[in-house]
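Structural features, examined
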Number of protein chains: 2
Amino acid sequence: MRADARRNRERLLDAAVELILEMGGEPARDAIANRAGVGIGTLYRHFPDQQSLLHAVALHVLDRSVAAGESALADSATGVEALRRYMHLAIDHGVGVLNLIYPLLDHANWPEQRARAESLLHAIVDRAHREGQLRRDATAKDIGFTIIRACRPLAVGLPPADERALAHRHVDICLDGLALEACRPPPG
Amino acid sequence: MRADARRNRERLLDAAVELILEMGGEPARDAIANRAGVGIGTLYRHFPDQQSLLHAVALHVLDRSVAAGESALADSATGVEALRRYMHLAIDHGVGVLNLIYPLLDHANWPEQRARAESLLHAIVDRAHREGQLRRDATAKDIGFTIIRACRPLAVGLPPADERALAHRHVDICLDGLALEACRPPPG
DNA sequence: AGTTAAACGGAGTACAATCCTCCGCTTATT
DNA sequence: AATAAGCGGAGGATTGTACTCCGTTTAACT
């Protein structure tokens with residue numbers, strides 16, 4: 001595979017992730033190609049139909065997030081630290097698209113990746129619980145939903161850098177709400 | 001104004017709010033009429049063009065949220081309680097649409113309502129701060145963004161009742177993160 | 001109950017956005 | 001320098017959306 005082809009493929013996937021998060025559904029193909037800075041023909045060469053594009057997008061974000069999360073779990077001193085790092089990385093990679101495209105997929109067939117992602121999240125949450133750092137009622141679902149919410153842009157038009165900063169701040173706030181740090185000093 | 005006309009107008013506005021939150025932009029007119037359970041002609045009679053519809057939607061959510069918030073502020077024993085009640089009510093009314101339609105409006109001309117909404121939010125946040133119940137770095141913007149995030153449905157297809165429950169849980173988690181309750185017992 | 005004017009529904013046409021193919025040009029690789 | 005893989009984007013086909021119009025229904029009032 002030629003180098004420019006690989007580069008364009010990545011750009012297309014990243015653009016698709018951004019647009020799906022903004023629009024909340026199937027964005028127009030031309031819009032994806034435009035945002036990626038490539039011609040429409042290039043999009044169709046890489047992804048001949050809707051399903052292959054959505055499938056590739058799903059695997060794209062899933063693989064990158066899981067990889068990031070696994071190393072976060074391995075390298076962190078505490079459970080909540082691993083959780084915090086995982087959430088921030090997952091947002092940067094845009095895992096939030098998974099929820100949005102799931103109902104559009106004909107057959108979501110990546111049992112292996114799915115299992116890996118679920119067991120990763122549970123491993124992190126369980127560890128934090130075992131170390132007594134999380135509220136009892138905090139579940140893996142809470143984490144997942146928080147990530148999904150943080151992924152979506154607040155309003156189209158805000159500079160991407162600002163959006164990212166707000167997303168990260170939001171995750172930190174939620175984690176503070178889910179964590180269990182008695183008598184922590186006021187952060188401000 | 002005939003009773004059925006008033007009822008249909010309300011239904012149309014509610015449907016528009018739901019759809020805007022789901023789609024994140026301008027939903028198709030037919031979709032709004034369908035969801036409201038009225039004919040497309042009825043929509044055009046009430047709102048002859050895009051702008052009048054968007055304008056009405058904005059005022060609809062703004063007025064209801066501000067009214068709810070003002071009574072919450074008056075009736076609550078503490079600042080955070082007022083804040084909590086306001087946030088939950090605002091979500092139920094769908095204030096989150098404001099951010100989404102703002103860039104679509106030709107001229108957003110409701111200075112009075114806008115001022116009332118801003119001063120309300122600041123009044124609530126200030127009171128909570130004065131009573132020492134909020135993190136120092138918690139701002140009115142944090143509250144606003146949290147409400148906006150909670151308003152958006154996580155995934156199209158989930159039953160509305162579940163969506164609402166998740167939204168409310170999310171707000172509670174965020175508030176726990178923003179509040180300052182030293183040594184609070186684990187809620188679970 | 002009868003009257004009436006306001007309100008309703010939805011088929012249908014005009015318009016706009018989107019999809020996707022095709023082929024001449026460009027560029028990475030050897 | 002050769003060449004095959006990759007690129008861009010104009011353009012025709014298709015789908016979706018906007019908006020009108022008019023026969024039917026219904027709330028309001030006597």
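Our subject is the structure that appears above.
Residues numbered from 1 in each chain as written. Chains lettered and ligands numbered in written order. Predicted model: local features only at pLDDT ≥ 70, side-chain atom pairs only at ≥ 80, totals over all residues. Heavy atoms only, no water.

1. Examining the overall build of chain A
Put simply, the test is: Comment: elements are numbered from the N terminus, with helices defined as DSSP H or I runs of at least four residues and strands as E runs of at least two. Only the C-alpha atoms count toward the radius of gyration. The rule for a globule is 2.2 Å times the residue count to the power 0.38. Only protein chains enter the calculation, and the probe is 1.4 Å; a residue is then buried if its accessible area is under 20% of its type maximum, exposed if over 50%, and partly exposed in between. Throughout, a contact is declared for two residues whenever any of their heavy atoms are within 4.5 Å. Using a 1.4 Å probe, accessible areas were evaluated by the Shrake-Rupley method; residue-level cover was limited to the displayed protein chains. Under the convention used here, Asp and Glu are negative, Lys and Arg are positive, and both His and the chain ends fall outside the count. To locate a charge, the coordinates of NZ of Lys, CZ of Arg, CG of Asp or CD of Glu are taken.
Of the regular secondary structure elements, chain A holds nine helices and zero strands. Helices (α) and strands (β) of chain A occur, in sequence order from the N terminus, as α-α-α-α-α-α-α-α-α. The globule rule puts the C-alpha radius of gyration for 188 residues at 16 Å, and the 18 Å found for chain A is close to it. Dimensions of chain A, computed from C-alpha atoms along their principal axes, come out at roughly 60 × 35 × 30 Å. Put simply, chain A has 188 residues, and 49% of those count as buried. Contacts spanning at least 24 positions in sequence make up 73% of the contacts within chain A whose residues lie at least 6 apart. Total accessible area on chain A stands at roughly 8800 Å², and carbon and sulfur atoms take up 54% of it. Taking the average place of the 23 positive charges on the side chains of chain A and the average place of its 25 negative ones, the gap between the two points comes to 1 Å.

2. Notes on the protein's contact with DNA strand D
Note the threshold: Nearness is judged by heavy atoms alone; a residue qualifies as near a molecule or strand once a single heavy atom is within 4 Å of it. The definition of a polar contact used here is a pair of N or O atoms within 3.5 Å, where within protein one atom must be able to donate a hydrogen and the other to accept one, and adjacent residues in sequence count solely through side-chain atom pairs. Throughout this entry, Asp, Glu, Lys and Arg are counted as charged residues, while Ala, Val, Leu, Ile, Met, Phe, Trp, Tyr, Cys and Pro are counted as nonpolar. The remaining residues, Gly among them, count as polar.
In the vicinity of DNA strand D, 20 residues are found, and the nearest of them are A:Arg2, A:Asn8, A:Gly39, A:Thr42 and A:Arg45. The sugar-phosphate backbone supplies 59% of the atoms of DNA strand D found within 4 Å of the protein. Within the contact set of DNA strand D, a phosphate oxygen lies 3.1 Å away from a backbone nitrogen or oxygen of B:Ala3. For the surface near DNA strand D, the secondary structure elements donating two or more residues are helix H1 (3-23) and helix H3 (40-46) of chain A together with helix H1 (3-23), helix H2 (29-36) and helix H3 (40-46) of chain B. For the surface near DNA strand D, the leading source of residues is H3(A), giving five residues. Classifying every residue of the surface near DNA strand D gives seven nonpolar, six polar and seven charged.

3. Topic: the relation of the copies chain B and chain A
Rules: Least squares is the method for superposing the copies, and the C-alpha atoms it fits come from residues with pLDDT of at least 70 in both.
Superposing chain B onto chain A takes a rotation of 180° combined with a translation of 0.0 Å along the rotation axis, leaving an RMSD of 0.0 Å. The superposition of one copy onto the other is thereby described by a two-fold rotation axis. Among all residues of chain B, the one whose C-alpha sits closest to the rotation axis is B:Gly177, at a distance of 1.7 Å. Looking at chain B, 100% of its interface residues are interface residues in chain A too, so the copies touch through the same face.

4. A look at the nonpolar core
The condition that has to hold: As used here, the term nonpolar core means buried Ala, Val, Leu, Ile, Met, Phe, Trp, Tyr and Cys residues forming a set that is joined through side-chain atoms within 4.5 Å.
Among the nonpolar cores identified, the biggest contains 110 residues, and A:Val57, A:Ile147, B:Val57 and B:Ile147 are the most heavily contacted of them. Once residues within four sequence positions are removed from consideration, B:Val57 is found in contact with B:Leu13, B:Ala16, B:Val17, B:Ile20, B:Val97 and B:Ile101.

5. Some thoughts on the pattern of salt bridges
Spelled out, the test is: Basic side-chain nitrogens of Lys or Arg form a salt bridge, by our definition, when they fall within 4 Å of a carboxyl oxygen of Asp or Glu.
In total, this model carries 30 salt bridges over all chains according to the counting rule given. A salt bridge links A:Arg64 to A:Asp14, with the nearest nitrogen and oxygen atoms 3.6 Å apart. Within this pair, whereas A:Arg64 is found in helix H4 (residues 50-75), its partner A:Asp14 is found in helix H1, the two being separated by 50 residues in sequence. Given the relative accessible area of 28%, A:Arg64 is considered partly exposed. We note a salt bridge from B:Glu131 to B:Arg127, for which the minimum N-O separation is 2.8 Å. Looking at B:Glu131, the relative accessible area reads 36%, which means it is partly exposed. Taking relative accessible area as the criterion, B:Arg127 reaches 15% and is therefore assigned buried.

Functional significance is not addressed by these values, which are geometric in nature.
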